[in-house]
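Examining the three-dimensional arrangement
Now for the letters of each chain:
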Amino acid sequence: MLSVQNLEVSYGAIRALGGVSFTIEAGRIVTLIGANGAGKTTTLRTISGLLRAKAGAIRFRDEDITALAPHRIVARGLGHVPEGRMVFSNLTVDENLAMGAYLQRDPARIARNREYVFSVFPRLKERLGQAAGTLSGGEQQMLAIGRALMGDPKLLMLDEPSLGIAPKLISTIFEKIVEINRHHGITILLVEQNANLALEISHDAYVLETGRIVMQGPSHDLRANPELKAAYLGG
Amino acid sequence: MTAPAPTRYPRPHVALLAALAVFYGVFAVSDRIDPYYLDVLVGVGISITLAVSLNLVNGFTGQFSLGHAGFMAVGAYLSSAVTLFLGPRLLGEEGGSAFGQGALFLAALVTGGLSAAVAGLLVGVPSLRLKGDYLALVTLGFGEIIRVIFMNIEPLGGALGLNGIPAYTNIFWVLAVAAVTIFTVHCLVHSTYGRGFIATQDDEIAAEAIGINTTRYKIVAFVIGAFFAGVAGGLYGHFKQTISPAGFDFNRSIEIVVMVILGGMGNTVGVILAAILLTLLPEVLRSVAEYRMILYSFLLIVLMIARPQGLFNFKYRFGRAKS
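Residues numbered from 1 in each chain as written. Chains lettered and ligands numbered in written order. Predicted model: local features only at pLDDT ≥ 70, side-chain atom pairs only at ≥ 80, totals over all residues.

**Here we look at the overall build of chain B**
- Across its full length, chain B holds twelve helices and zero strands.
- Listed N to C, the secondary structure of chain B is α-α-α-α-α-α-α-α-α-α-α-α in terms of helices and strands.
- Since a compact globule built from 323 residues should have a radius of gyration of about 20 Å, the 19 Å found for chain B is in line with a globular shape.
- Seen through its C-alpha atoms, chain B measures out along the principal axes to roughly 65 × 45 × 40 Å.
- Taken across its 323 residues, chain B has 50% of its residues classed as buried. (Helix = DSSP H or I, 4+ residues; strand = E, 2+ residues; numbered from the N terminus. Rg over C-alpha atoms; globule rule 2.2 N^0.38 Å. Buried ≥ 20, exposed ≤ 12 C-beta atoms within 10 Å, placed from the backbone.)

**What to know about the interface of chain A and chain B**
- Taken together, the contact between chain A and chain B spans 28 residues of the former and 20 residues of the latter.
- Among the secondary structure elements, those contributing two or more residues to the side of chain A that touches chain B are helix H2 (70–75), helix H3 (93–100) and helix H6 (137–149) of chain A. (Contact = placed C-beta atoms within 7 Å.)

**Some remarks on helix H12 (residues 292–306) of chain B**
- For H12 of chain B, spanning 15 residues, the distance from its first C-alpha to its last is 21 Å, which sits close to the expected 21 Å at 1.5 Å a residue.
- Where burial is concerned, little of H12 of chain B is hidden: zero out of the 15 residues are buried. (Expected span 1.5 Å × (residues − 1).)

**So, the pairing of strand E2 (residues 14–24) of chain A**
- As judged from the eight bridges shared by strand E1 (residues 2–11) of chain A and E2 of chain A, these two strands associate in the antiparallel manner. Counterpart to Ser10 of chain A in the pairing with E2 of chain A is Arg15 of chain A. (Pairing = 2+ DSSP bridges.)

**Things to note about the environment of Ala73 of chain B**
Residues and elements named next belong to chain B.
- Within the secondary structure layout, Ala73 lies in helix H3 (residues 68–91).
- Sequence separation between Ala73 and Ala116 is 43 residues, and the spatial gap between their C-alpha atoms is 8.2 Å.
- Discounting chain neighbours no more than four positions away, the residues touching Ala73 are Ile146, Arg147, Phe150, Gly233, Pro245 and Phe248.

**Comments concerning the environment of Arg11 of chain B**
- Within the fold, Arg11 of chain B resides in the segment before helix H1 (12–28).
- Spatially, the C-alpha atom of Arg11 of chain B lies 27 Å from that of Asn170 of chain B, the residues being 159 residues apart in sequence.

**Describing the sheet that holds E1 of chain A**
Residue and element names in this part refer to chain A.
- Within the open sheet, the three strands sit side by side as E2-E1-E4. Their pairing is antiparallel. Among the strands making up the open sheet, the edge pair consists of E2 and strand E4 (55–60). In this sheet, adjacent strand axes meet at a mean angle of 20° when their direction is disregarded.
- Relative to E4, E1 runs antiparallel, the two being bridged by five bridges. Across the sheet, the residue bridging to Ser3 is Arg59, located in E4.
- Relative to the sheet, helix H1 (residues 40–47) contacts E1, E2 and E4, its axis offset from that of E1 by approximately 110°. (Axes fitted to C-alpha atoms, helices over the stretch in contact; angles between N-to-C directions.)

**Topic: the pairing of strand E9 (residues 212–218) of chain A**
Residues and elements named next belong to chain A.
- Taken together, the six bridges between strand E8 (residues 204–209) and E9 define a ladder with antiparallel strand orientation. Looking across to E9, one finds that Leu208 is bridged to Ile213.
- From the end of E8 to the start of E9, which pair antiparallel, there are two residues, and Thr210 there has a positive phi angle of about 35°.

**Points about the packing of helix H4 (residues 98–127) of chain B against helix H5 (residues 132–151) of chain B**
Residues and elements named next belong to chain B.
- Contact pair H4 / H5: the axes reach a minimum separation of 11 Å and the direction vectors enclose 145°. You can see that H4 and H5 cross each other, and the crossing is right-handed. Between H4 and H5, the contacting residues are Ala119, Val123 and Ser127 on the first element and Leu135, Val138, Thr139, Phe142 and Ile146 on the second.
- For the contact of H4 with H5, the residue count by class is six nonpolar, two polar and no charged. (Left-handed = near helix turned anticlockwise from the far one by under 90°. Nonpolar A, V, L, I, M, F, W, Y, C, P; charged D, E, K, R; others polar.)

Structure below.
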C-alpha cells in the first residue's frame, strides 16, 4: 500500500531523516516508534507532502507521490491526523467534520462517512454544535481522527494520538484505532512515543533513531526484544 | 447611518438590497444634510470598505498584510486615469448626462478594483509562502514599491499626483460599496468554500492535512481584499479630487490594520464599528487641536490593554490550537 525508500529530509543544514525505508501492506497496523526528535513526525509530514524530501521516493498504491502537493495526496486516499490534535478551534464539531470531507464530491458518500464517524465516536454526535476549542483533549483527538475519516482514507496516519490525553481516554482511543482498522479495513500508520501501547495494537513495527530505522519486525517479536525493552519499554 | 451588518440577518441578499435602498434614500435627501457631516460619512464608508476587506486577509485567513494602502493607491490612480483621460472622450467636453457619468464612474471603480486585484495577485503569489512577521515586512515593502512606482510615472503626475479628478463620489456610492464589501466578505466566509479561510487561519498544517490548498486560499483572500481596497481607492480619489503618492504611505496601511485589530480579527461587526470609531475619533478630537494625535495614540494604547481580543469582540473566540 505504501512504500518509502531512502527518504532524506533536512531542515536547513540539520538532517532530520537520513535514508528511511519501510513498507506497509494493506490492512495492517504499522507503528513507527522512537524517542523525541527521532524523525517520526518528519516522516509523516513528508509522506503527506507537508515537507519536501531531499532524496528518496514515496509510493502510495503503486503511484509515486513524492512530489505531489498535500491536497493531491489526500485526494488519493492518504489521511493524516497531525500531532497535537490540530482541530479548527474556531469552527464547530459539525463544521470540522464538514471540512474533513472537503475533497469529497458525492453527498451520499459524505453522509455515509458521517454516520460511520458517529458510529466510531458517538461522543462527537452529542457535541455537534459545540466549538471544537471547547472540547476536552480526548474529544479533540476523536474529532481530529473523525475529520480525517471524513476524507475516506485508505491509509490513515496518526501522529501521537496519546499525546496530552487523560490516561483513561488513551485506551479508548487506541481501541477505536483497532476498530477502524479491523472493521473498516483502513490501513493504519501509527506514530507513538508510548511504545508499549503502540506495539500492543500493531502488527509490524519500525524503530526510528536519529533519522534512521534501527530495528524492525513483527510487533510481537519486538516486544520481547531485550534491547528494545531496555531503551523504550522501561526495562 | 451605519452600514447594516448582514451577520444578523438570515438572508444577506435581502439585507444588502434593503441597505442599498436606504442608502439611496439618504442620498436623495443628502443636499439637506450639513456637508461637513456628509464628508465625515464618506470617510467612514471608505474606512469600512478598507477595514472589512483587509479583515478577510488579516482576520479570517490569518495572514498579516501591511500593504493595503498600496492596493488602494493602484485603485485610486487607475480609476482616476479612466475618468480623467477617457472621460472627456466618452462623455464629451460638457461632462455628459448624469447616467453617463454614473456608468463611467462604475467602470472606473471596477477598473481600479481589478487592477488592484492583479497587483494583489502579483504580490501575493511570491510572498504568501512567508508567514507572520516576514509576510508583514514583505507586504509593507510591496506597498512602498507601488507608491514609489506611481511617484515616478510622469503621465500620472509623478510626485505631485493627479489633480482635477471629477467629484463623482457621493454618499450613495460610498455606502453602497461598503455594503457590497461586507456582503461579499460575509457570504464568502460563511460559505462551504469559505470555511477554508478560517481553517487556514486556525491551523495551517491541519488544513493541509485534510486536503485544503491553503496557498490558494491565501491568494484568493489577498486578491479579493486588494480588489475592494482598489475600489475604495477609486472612491477616495473621486472624493478628494486630488491624489498623490504621499497619501498612500505606510501610515495609511497601519491605520487600516489598527481598525482590524481593534475591531477583533475576523469579526466583521467589530471591524465595522472600529472603522467608524477610528474615523470619527480624529474629527471629535478636532477641538483639542495640537493634542489630537497624542490623545488618539493614547486611546489606542488604553483600548488595546483593556480589550486585547478586540474592542467589539463580544463573541468569545478561542486562540489557536496549541501545537
